[in-house]
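# Architecture at a glance
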Amino acid sequence: MATISSIGLGSGLKVEDIITSLVGLEKARLKPLAAERATLDTKVSTYASIKSQVSALNDAAVTLGTAALWNPLTVSSSKTDSVTAAAVGVPAKASYSVEVQQLARAQTVASTTQTKDAAMGTGTLSITLGTWDATTLPGSFTAGAAAAVDVDILPTDNTLTKIAAAINNAGAGVVATVITDSAGERLSLRSSATGEAAGFRVQVTDTGDGNNTDANGLSRLAFDPENGAVSMGAINSATTLLGQDAKATLNGVAVQSSSNTFTGLVPGLNLTVAQVTTAPVVVTVAQDMAAIKKSITNFVTAYNLLNATLMENTRYDPVKKVGAILQGDTATVTLSNGLRSLLGSTTAGAAYSRLSDLGIKIATTVEAGQPDGRLVLDSAKVDDALQDVDKVKTFFTIDNKDLATNGFGLKLKTFTTGLLSSRGAVVAKQSALSKSIDANTDEQLKVTDRADAVEARLRKTYSALDTKMGALTALSDYVTQQVATWNKSTD
């Protein structure tokens, strides 16, 4: 019997062509499903853009509709290299005259020059924070509330470099640095904070020579002029600076601060001084009209972006006779109409009742047979309205407990927040599109599975047919051969 190596050889039929054609008929449904999927994907992408733009419009609406956000302030100084100011709350709108007599500084002292890496002796450095009662030394020292910090200096740690490290590790409220020049090295001590109360003294218990007040051994690092120990920094020398507070006058009133930043003098306002002044510096706190106008402009920009997306995706092209991807879509048309209705709404109880009263109008130009619908801002008219900013604020923020007559910003915030909520139109549309995509995917899988099943069945059927036809052909050939043989024998 002949062996069939390919479907169709036994029967002589073009089985592969037949199978391909029949399976193709089964898969024909995939083409419209793929086109539908492409459309759905485009709609999903478009609605992602719409949602993002509604969110941006909502952000603008929150700014316009919240009364507290209508108080942006600008703080300025007539001489910023001398005095600057920063709002740390909501300071009152006012002007302040500031004169600076003295800047705050930290106490600084330095040792006499020592040979590099020379042994300084052993003992204990006792560092106390407090206040010196005079600008020049000697004077009396009043210790602060913090306890003195003792720094033990051992024979293995008695170079200036190691002593500086020990002082810094002790957290005594001073910073130690070794300064090296051609003459040798010095130990410099500087209080960690500025101000009179951040002064310090250094008392020494010298275990080297036992004399705690001379200029030998560890006593070379003492700074206690009140008690006659001044090896660390000669009295009134350039290497000794006592800590001092910043001093100024604010509107003629003397004020003082341990740092160069004055806090709490004016509620919500910090003043920072950088130079002694020779004339008053004027610090002004005023309403930031530029920021307010920018908030209004941001709203117009956000609306126009959303409007452009809605228009582009819902318009009908009369020339090509083709509608855009969302043309006729109920949810999108409803959203568009809702926004337009909102633009034309009125605000009750405000000097301005409509957006157009402020200088914000809907464009009336025509594109592709439809109104453009974008907002146009008359900058000069808005500036004029902002001369009485409270009236503009009322137009956007007044709460009449009625969505139809509330302030425009409040209405817009309510509307856009609703669109973005879990049951809002935008989220609902995205959910519906997602379900449609899932259904489309399932249907394509079903069509593919049916086509695969048909192909498998056809191949099985035609394979069996080929086997049968092959057997019959072999039998026919055998019979024909036998008949021929018989005929020869007969002859």
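Owing to the predicted nature of the structure, the values given are computational and were not obtained by experimental measurement. (Residues numbered from 1 in each chain as written. Predicted model: local features only at pLDDT ≥ 70, side-chain atom pairs only at ≥ 80, totals over all residues. Heavy atoms only, no water.)

Where a strand is regular, its side chains alternate between the two sheet faces. Bridge count between strand β8 (residues 174-181) and strand β9 (residues 184-191): eight bridges; the pairing is antiparallel. Opposite isoleucine 179, over in β9, you have arginine 186 as the bridge partner. (Pairing = 2+ DSSP bridges. Helix = DSSP H or I, 4+ residues; strand = E, 2+ residues; numbered from the N terminus.)

A few words on a nonpolar patch on the surface. Taken together, the side chains of Leu472, Leu475, Tyr478, Val479, Val483 and Trp486 define a hydrophobic patch exposed on the protein surface, amounting to about 600 Å² of accessible area. Looking at the element boundaries, valine 479 is found in helix α10 (residues 425-490). Valine 479 sits in the partly exposed class, given a relative accessible area of 41%. (Patch = residues over 30% accessible without salt bridge, like charges linked within 9 Å, V, L, I, M, F, W, Y side chains within 5 Å. Areas by Shrake-Rupley, 256 points an atom, 1.4 Å probe, with all protein chains shown as cover. Salt bridge = Lys/Arg side-chain N within 4 Å of Asp/Glu carboxyl O. Buried < 20%, exposed > 50% of the residue type's maximum accessible area, 1.4 Å probe, protein only.)

Next up on the list: the packing of aromatic side chains. Any two aromatic rings considered together are summarised by their centre-to-centre distance and by the angle between their planes. Under the counting rule described, the total for this entry stands at seven aromatic pairs. Consider the rings of tryptophan 70 and phenylalanine 396, whose centres lie 5.6 Å apart with planes at 25°: the pair is stacked. Remark: phenylalanine 396 occurs in helix α8 (residues 389-397) and tryptophan 70 occurs in the loop between α2 (30-65) and β1 (73-77); sequence separation between them is 326 residues. Between tryptophan 132 and phenylalanine 223, the ring centres sit 5.8 Å apart and the planes meet at 75°, which makes this aromatic pair edge-to-face. Of the two residues, tryptophan 132 is situated in strand β5 (residues 123-132) and phenylalanine 223 in the loop between β10 (199-206) and β11 (246-250); the sequence distance between them amounts to 91 residues. Overall, phenylalanine 223 belongs to the buried group, its relative accessible area being 0%. (Phe/Tyr/Trp six-rings, centres within 6.5 Å; stacked < 30°, edge-to-face > 60°.)

Once that is clear, we can look at the side chain of arginine 220. By secondary structure assignment, the location of arginine 220 is in the loop between β10 and β11. Despite its burial, arginine 220 pairs with no opposite charge, the nearest such side chain being aspartate 206 at 7.1 Å. Among the polar contacts made by the side chain of arginine 220, one reaches the main-chain carbonyl oxygen of alanine 119 at a distance of 3.2 Å. (Lys, Arg positive; Asp, Glu negative; His and termini not counted. Polar contact = N/O pair within 3.5 Å; in protein donor to acceptor, adjacent residues only side chain to side chain.)

Before going further, it helps to spend a moment on helix α4 (residues 289-314). For α4, with 26 residues, the first-to-last C-alpha span of 38 Å sits near the 38 Å given by 1.5 Å per residue. You can read the cap of α4 off the contacts: a side-chain oxygen lies 3.3 Å from the backbone nitrogen of alanine 290, and it is on aspartate 288. (Expected span 1.5 Å × (residues − 1).)

The subject of this paragraph is the environment of leucine 265. Take leucine 265: it is sitting in strand β13 (residues 261-266). Along the backbone, leucine 265 and leucine 250 are 15 residues apart, and their C-alpha atoms lie at a distance of 8.6 Å. If sequence neighbours within four positions are ignored, leucine 265 has contacts with Leu250 and Val255. (Contact = heavy atoms within 4.5 Å.)

Attention now goes to the side chain of aspartate 245. Of note, aspartate 245 is situated in the loop between β10 and β11. One buried charged residue, aspartate 245, forms no salt bridge at all, with the nearest opposite charge on lysine 247 at 7.1 Å. Here glutamine 256 takes part through its side chain, which lies 2.8 Å from a polar atom of the side chain of aspartate 245. With residues near it in sequence (within four places) discarded, aspartate 245 still touches Gln102, Leu103, Ala104, Gly195, Glu196, Gln256, Ser257 and Ser258.

Here the focus is the packing of α4 against helix α5 (residues 330-343). Taken N-terminus to C-terminus, the directions of α4 and α5 make an angle of 145°; their axes are 11 Å apart at the nearest point. Here α4 and α5 pass one another in a crossing that is left-handed. Two secondary-structure elements touch here, α4 through Phe299, Tyr303, Leu306, Asn307, Leu310, Met311 and Thr314 and α5 through Thr332, Leu335, Ser336, Leu339, Arg340 and Leu343. (Axes fitted to C-alpha atoms, helices over the stretch in contact; angles between N-to-C directions. Left-handed = near helix turned anticlockwise from the far one by under 90°.)

What follows deals with the sheet that holds β8. As summarised here, the arrangement of the three strands in space is β4-β9-β8, forming an open sheet in which the pairing is antiparallel. The open sheet has two edge strands, β4 (108-110) and β8, and neither has a second partner. Taken pair by pair, the neighbouring strands of this sheet meet at an average axis angle of 20°, ignoring direction. Seen against the sheet, helix α3 (residues 160-170) touches β8 and β9 and runs at an angle of roughly 160° to β8.

So, on to the nonpolar core. Burial of nonpolar side chains together is a common tendency in soluble globular proteins. Of all hydrophobic cores here, the largest spans 41 residues; its most connected members are Ile296, Phe299, Val392, Phe396 and Phe408. Within the residue set of this core, elements represented by two or more residues are α2, α4, α5, α6 (355-358), α7 (379-385), α8, α9 (408-420) and α10. Apart from the residues within four sequence positions on either side, phenylalanine 396 is in contact with Leu64, Gly65, Trp70, Ile296, Leu355, Leu358, Gly407, Phe408, Gly409 and Leu410. Listed in part, the 26 residues of the second largest apolar core include Val109, Val151, Ile153 and Leu218. (Core = buried A, V, L, I, M, F, W, Y, C linked by side-chain atoms within 4.5 Å.)

This brings us to unusual backbone geometry. The residue lysine 321 is not glycine, and still its phi comes out positive at about 55°. Structurally, lysine 321 can be placed in the loop between β16 (316-317) and β17 (322-323). The class of lysine 321 is exposed, set by a relative accessible area of 64%. Although it is not a glycine, lysine 401 sits at a positive phi angle of roughly 60°.

To continue, consider the pattern of salt bridges. By the definition in use, this model includes eight salt bridges. The closest approach of N and O atoms between lysine 429 and aspartate 329, which form a salt bridge, is 2.4 Å. Placement of lysine 429 in helix α10 and of aspartate 329 in the loop between β17 and α5 is noted, with a sequence separation of 100 residues between them. Considered together, lysine 429 and aspartate 329 belong to a single accessibility category, that of buried residues.

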